[in-house]
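Spelled out, the chains give:
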Amino acid sequence: MTTIQLKTEIKAPIERVFDLSRSIDFHIQSASETKELAIAGRTSGLISHGETVTWRGRHFGVFLKHTSKIVNFERPTQFTDVMIKGHFIYFGHQHFFEYKDEKTTMIDVLKYRTPYGIFGRLFDNYFLKKHLTQFLEKRNKAIKTEAEKPSVS
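Residues numbered from 1 in each chain as written. Predicted model: local features only at pLDDT ≥ 70, side-chain atom pairs only at ≥ 80, totals over all residues. Heavy atoms only, no water.

**Regarding the overall build of the chain**
Phase 1: Looking only at helices and strands, the chain features three helices and seven strands.
Phase 2: The C-alpha radius of gyration computed for the chain amounts to 15 Å, which stays within 12% of the reference 15 Å derived for 153 residues, consistent with globular compactness.
Phase 3: Here the C-alpha coordinates of the chain stretch approximately 50 × 30 × 30 Å along the principal axes.
Phase 4: Here the chain holds 153 residues, and the buried ones make up 44% of them. (Helix = DSSP H or I, 4+ residues; strand = E, 2+ residues; numbered from the N terminus. Rg over C-alpha atoms; globule rule 2.2 N^0.38 Å. Buried < 20%, exposed > 50% of the residue type's maximum accessible area, 1.4 Å probe, protein only.)

Right, dumping it as structure tokens:
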């Protein structure tokens, strides 16, 4: 099982960071490079406990589908999405949020297992882990940039 863990410090209220992290619309906007679209389940707005979303996006030059379900949800401190259909043996993404000293710390813990035995592990070691890490880092940077914008009253 491969694990990717990222920590991002954001100068914004925890509720704002939490909601941006579960926003279907914001994900589509921030992942435009991979042409991600929500095509089934919850396709816009804020995803919540028990809901599913099917994403279609271009990764490694191929359009892939991935369906996740929110299996744990405690606003505004954590939620977990788990793949229920897709190209992994297992894919789970835990999102944790802590607020202290006027900053929200966002922690991502992504765990996954590739299929295809040794070939899947080689692909993971040489390409996939780096790709997923960069994808999450870009997403987190977009969340940070948006969350830290001054609110318009």
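Moving on, there is more to tell.
**Quick notes on the environment of serine 30**
Phase 1: Positionally, serine 30 belongs in helix H2 (residues 24-30).
Phase 2: Separated by 105 residues in the primary sequence, serine 30 and phenylalanine 135 have C-alpha atoms spaced 10.0 Å apart.

**Quick look at the pattern of salt bridges**
Phase 1: Evaluated as defined, the whole model comprises eight salt bridges.
Phase 2: For arginine 75, the salt bridge is made with aspartate 19, and the minimal N-O distance between the two is 2.7 Å. Taken together, the residues span a long stretch of sequence, with arginine 75 in the loop between strand E4 (62-74) and strand E5 (78-85) and aspartate 19 in helix H1 (residues 14-21) at a distance of 56 residues.
Phase 3: By relative accessible area, arginine 75 is classed as partly exposed at 41%.
Phase 4: Two residues, lysine 144 and glutamate 148, come together in a salt bridge whose shortest N-O distance is 2.9 Å. (Salt bridge = Lys/Arg side-chain N within 4 Å of Asp/Glu carboxyl O.)

**Observations regarding the nonpolar core**
Phase 1: Ile10, Val17, Phe97 and Ile143 are the most contacted members of the largest nonpolar core, which totals 18 residues.
Phase 2: Secondary structure elements with two or more residues in this core: H1, H2, strand E3 (52-59) and helix H3 (117-147).
Phase 3: No other element matches the four residues that H1 contributes to this core.
Phase 4: Counting residues in hydrophobic clusters, the runner-up holds 10 residues, among them Ile4, Leu6, Leu110 and Leu132. (Core = buried A, V, L, I, M, F, W, Y, C linked by side-chain atoms within 4.5 Å.)

**Let's talk about the pairing of E5**
Walk down a regular strand and you will see the side chains alternate between the two sheet faces.
Phase 1: Of all eight residues in E5, six are buried, a share of seventy percent or more.
Phase 2: Sheet topology places E4 next to E5; seven bridges connect them, and they run antiparallel. Bridge pairing in E5 links isoleucine 70 to aspartate 81.
Phase 3: The antiparallel hairpin formed by E4 and E5 contains three residues in its connecting segment.
Phase 4: For E5 and strand E6 (residues 90-100), the ladder comprises five bridges, and the chain directions are antiparallel. Considered in E6, the bridge of glutamine 78 is made with phenylalanine 96.
Phase 5: Linking E5 back to E6 in an antiparallel pair, the connection comprises four residues. (Pairing = 2+ DSSP bridges.)

**A short note on the side chain of threonine 34**
Phase 1: Mapping threonine 34 onto the fold places it in the loop between H2 and strand E2 (37-41).
Phase 2: Note on threonine 34: relative accessible area 8%, which makes it buried.
Phase 3: When residues no more than four places from it in sequence are discounted, the contact partners of threonine 34 are Gly57, Arg58, His59 and Phe135. (Contact = heavy atoms within 4.5 Å.)

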